[in-house]
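Fold and geometry: a report
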Amino acid sequence: MKQRKINFFVVLLSVACWLTFAYSSPLLSTLDNYHVNSLTQYKLIAFTVCIYTIVLAIARLANLFKPAAIFFIMVAAPASFYMLQYGIVIDADMLINAIETNPTEALDQFSTRFYITVAIMGILPSLLLIYVQMPSATATKKIKQGLTAAVCFSLFSIGIAYTNYNEFASLFRNHRDVKYRIVPFNVVSASVSVIKQKLKKPAQFVALGQDAIQVTSHSKPRVMVVVLGETARADHFSLNGYQRSTTPMLSELDKSEGLLSYKEAISCGTATAVSVPCMFSFYNADNYTPSARNSSNVLDVLETAGINATWIENNSGCKNVCDRINTVVLKGKDCNKNNCYDTDMLSYLNDWLNNINQDSVIVLHQLGSHGPAYFERSPERLKQFFPECRSRDLTECTKDEIVNAYDNSLLVTDRLISQVVGLLKSHEDLDSSMMYVSDHGESLGDNGIYLHGLPNWLAPKEQRHIPWVVWPAKRFKSPKNIPQGNINHDNLSHTLLGYFSVKTSLYNEQTDLIQQSVNQPGR
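Residues numbered from 1 in each chain as written. Predicted model: local features only at pLDDT ≥ 70, side-chain atom pairs only at ≥ 80, totals over all residues. Heavy atoms only, no water.

**Topic: the nonpolar core**
- Grouped together as the largest cluster of nonpolar side chains are 97 residues, with contacts concentrated most on Leu349 and Val420.
- Here this core takes 13 residues from helix α4 (residues 65–86), the largest share from any one element.
- Within the second largest apolar cluster, 42 residues are counted, among which are Tyr262, Val321, Ile482 and Ile487. (Core = buried A, V, L, I, M, F, W, Y, C linked by side-chain atoms within 4.5 Å. Buried < 20%, exposed > 50% of the residue type's maximum accessible area, 1.4 Å probe, protein only. Helix = DSSP H or I, 4+ residues; strand = E, 2+ residues; numbered from the N terminus.)

**Comments concerning the state of the cysteines**
- Enumeration over the complete set of coordinates arrives at 3 disulfides.
- With its sulfur 2.1 Å from that of its partner, Cys389 forms a disulfide with Cys397. Measuring the twist about the S-S bond at about 65°, one finds the Cys389-Cys397 disulfide to be right-handed.
- Classification of Cys389 by relative accessible area gives buried; the value is 3%.
- Relative accessible area serves as the criterion here: at 14%, Cys397 is assigned to the buried category.
- With no disulfide of its own, Cys17 lies 9.5 Å from the sulfur of Cys50, the closest cysteine sulfur. (Disulfide = S-S within 2.5 Å.)

**Considerations on the pairing of strand β6 (residues 360–365)**
- By the criterion of burial, β6 is predominantly enclosed, with 6 of the 6 residues buried.
- In this sheet, β6 lies alongside strand β2 (residues 222–229) in parallel orientation, the contact comprising 6 bridges. Bridge pairing in β6 places Val223 opposite Ser360.
- By the bridge criterion, 6 bridges tie strand β4 (residues 308–313) to β6 in an arrangement that is parallel. Its bridge partner being in β6, Glu313 is matched across the sheet by His365. (Pairing = 2+ DSSP bridges.)

**A look at helix α10 (residues 185–199)**
- Taking 1.5 Å per residue as the helical rise, α10 with its 15 residues ought to reach 21 Å, and the 21 Å between its terminal C-alpha atoms agrees with that figure.
- Of all the residues in α10, the buried ones are Asn186, Val187, Ala190 and Val194. The buried residues of α10 occupy one face: seen down the axis, they fall within an arc of 90°. Of the exposed residues in α10, the ones pointing more than 90 degrees away from its buried face are Lys196 and Leu199.
- Considering only its buried residues, α10 is in contact with α4 and α5 (92–99). (Expected span 1.5 Å × (residues − 1). Arc of directions from axis to C-beta. Contact = heavy atoms within 4.5 Å.)

**Observations concerning the sheet that holds strand β5 (residues 326–329)**
- Taking strand neighbours across the sheet as the criterion, the 7 strands line up as β3-β10-β7-β2-β6-β4-β5 in an open arrangement whose pairing is mixed. Of all strands in the sheet, those with a lone pairing partner are β3 (260–261) and β5, marking the two edges.
- Against the sheet, helix α14 (residues 346–353) touches β2, β4, β5 and β6, its axis set at about 175° to β6.
- Relative to the sheet, helix α15 (residues 399–426) contacts β2, β6, β7 (431–438) and β10 (468–471), its axis offset from that of β7 by approximately 170°. (Axes fitted to C-alpha atoms, helices over the stretch in contact; angles between N-to-C directions.)

**Structural notes on α14**
- When we look at burial in α14, the residues that qualify are Leu346, Leu349, Trp352 and Leu353. Along α14, the residues classed as buried sweep out an arc of 120° about the axis, all on the same side.
- Along its buried surface, α14 packs onto β2, β4, β6 and α15.

**Observations regarding the environment of His465**
- Secondary-structure assignment places His465 in the loop between β9 (450–451) and β10.
- Of the residues examined, His465 reaches a relative accessible area of 10% and is grouped as buried.
- A sequence separation of 233 residues divides His465 from Ala232, and the C-alpha atoms of the two residues are 8.6 Å apart.
- When residues no more than four places from it in sequence are discounted, the contact partners of His465 are Ala232, Arg233, Ala234, Asp235, Lys263, Glu264, Ala265 and Ile266.

**Focus on the pattern of salt bridges**
- According to the stated counting rule, one finds 20 salt bridges in the structure shown.
- The closest approach of N and O atoms between Glu100 and Lys319, which form a salt bridge, is 3.8 Å. Highlighted residues: Glu100 in the loop between α5 and α6 (103–108) and Lys319 in the loop between β4 and β5, separated in sequence by 219 residues. The pair formed by Glu100 and Lys319 is uniform in burial state, with each residue classed as buried.
- The partner of Asp446 in a salt bridge is Lys399, with the nearest N and O atoms 3.8 Å apart. Taken together, the residues Asp446 in the loop between β8 (443–444) and β9 and Lys399 in helix α15 connect sequence positions 47 residues apart.
- Using a relative accessible area of 39% as the deciding quantity, one classes Lys399 as partly exposed. (Salt bridge = Lys/Arg side-chain N within 4 Å of Asp/Glu carboxyl O.)

**Section: the packing of aromatic side chains**
- Within this structure, the stated rule accounts for 20 aromatic pairs.
- Seen in terms of ring centroids, Phe8 and Phe65 are 5.3 Å apart; in terms of plane orientation they differ by 75°. Their pairing is edge-to-face. Of this pair, Phe8 sits in helix α1 (residues 8–21) while Phe65 sits in helix α4, and the two are 57 residues apart along the sequence.
- Under the relative-accessibility criterion, Phe8 is labelled buried at 2%.
- The ring of Trp457 has Arg176 lying over it, and the distance from NZ or CZ to the ring centre is 4.0 Å.
- Arg222 extends its terminal NZ or CZ atom over the ring of Tyr499, reaching a point 5.0 Å from the ring centre. (Phe/Tyr/Trp six-rings, centres within 6.5 Å; stacked < 30°, edge-to-face > 60°. Lys NZ or Arg CZ within 6 Å of the ring centre and 35° of its normal.)

Everything listed here is a matter of geometry and, on its own, says nothing about what the molecule does.
Spelled out as structure tokens, the structure:
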């Protein structure tokens, strides 16, 4: 049977409509939530069809219509899936976070439903488009077809935008996230932004804190262990009043000798790729940019002042923070299973403590409660909350099952922090302290949102409200002595400088959490 050929303009409009309607659920559900009237929604959809038609028509000029269409379809399918599953938006920061995720964490994101969605919404329409035959055309005719379609739909789009300017302007001004929900426009736009960042000529490394000196010596080597948490929520720590016993060992430690928990701490960002370099830098959430990675952080400055700095890694990398200091990376072969538990870092810490002969800081970078495979973050012997979600596809589980798996992962963090304190207490030859602080929080299905990574201005409190615990309590400022009773990641760098009595022009005493009585003269 002879295959029937379909007119180019029919195929063009069909593909543009598919791109607009097939992946529109994230956008339409958001518009409904914002109570945008139906007529405005229809106009926005019509405008979107015009834009995709124009882009594909331009691709026709270069004889790239089908490759371009297939590309858009194949990026739209997974993007739409993740947006619907987890309530996320896709912007440049989200893409960077995905790029910098290690292979193990990336595999956690793939579920049976993901593959089915990509097959049905991506591969099948792409194969259909490949199968469809259009009448043969010369290069000149293809150019004419592309120009005709581009010009006509440009006029349509201008007409829609002009007659509805006030409505569209109000919508995008009041709800900045709408543009991040238009699939696949959001993926292409974010990709362009990321490519621009990656191709930008690297700026010369900025060496900060070259004036750093330690103004006070100590009778014993002074040691600070920073336990850098991952995806922990402050409101799920029983130490902070959570009804479940997720931090039983810390609670006992608090009763016996006192811990200090800053219950209202806020993160710099909602993703590791932002929060980790931000919290160790001398920037803050308001002025932080990726270029901060190309300048000295507090660990570099401490080394300049003669304090030894070490980083132990059990996550997806230090995001350039540990590039210039001693670093140990845990690998599967070093642990009981392919996936190292955070408590596996304790043996490295013990060896490190046994060989200290100068003031030193060490960072233990946890895998923590990284999702969606929360159930893999805790060994069976430690689990206390059942039934727990055993799927990487969180929508297959109930809210209670997700919370159970997440809370079980916090039991490992509880054990790690408590045993770090135990090791420090056993070394009476050292003057030791410990700070635990998470990089960001996590959404566990609250209001239909999962995981993390939303822009700060859009993120719910659950993604930025973090636990921050210090030991011994007497060495740090009480929350009641801190303006507004809360702290954020800005405090970390200055607290480390204050702890080691390091004098530098970078130091800001107002954001140092060390008690004034401990601070030494010469600041």
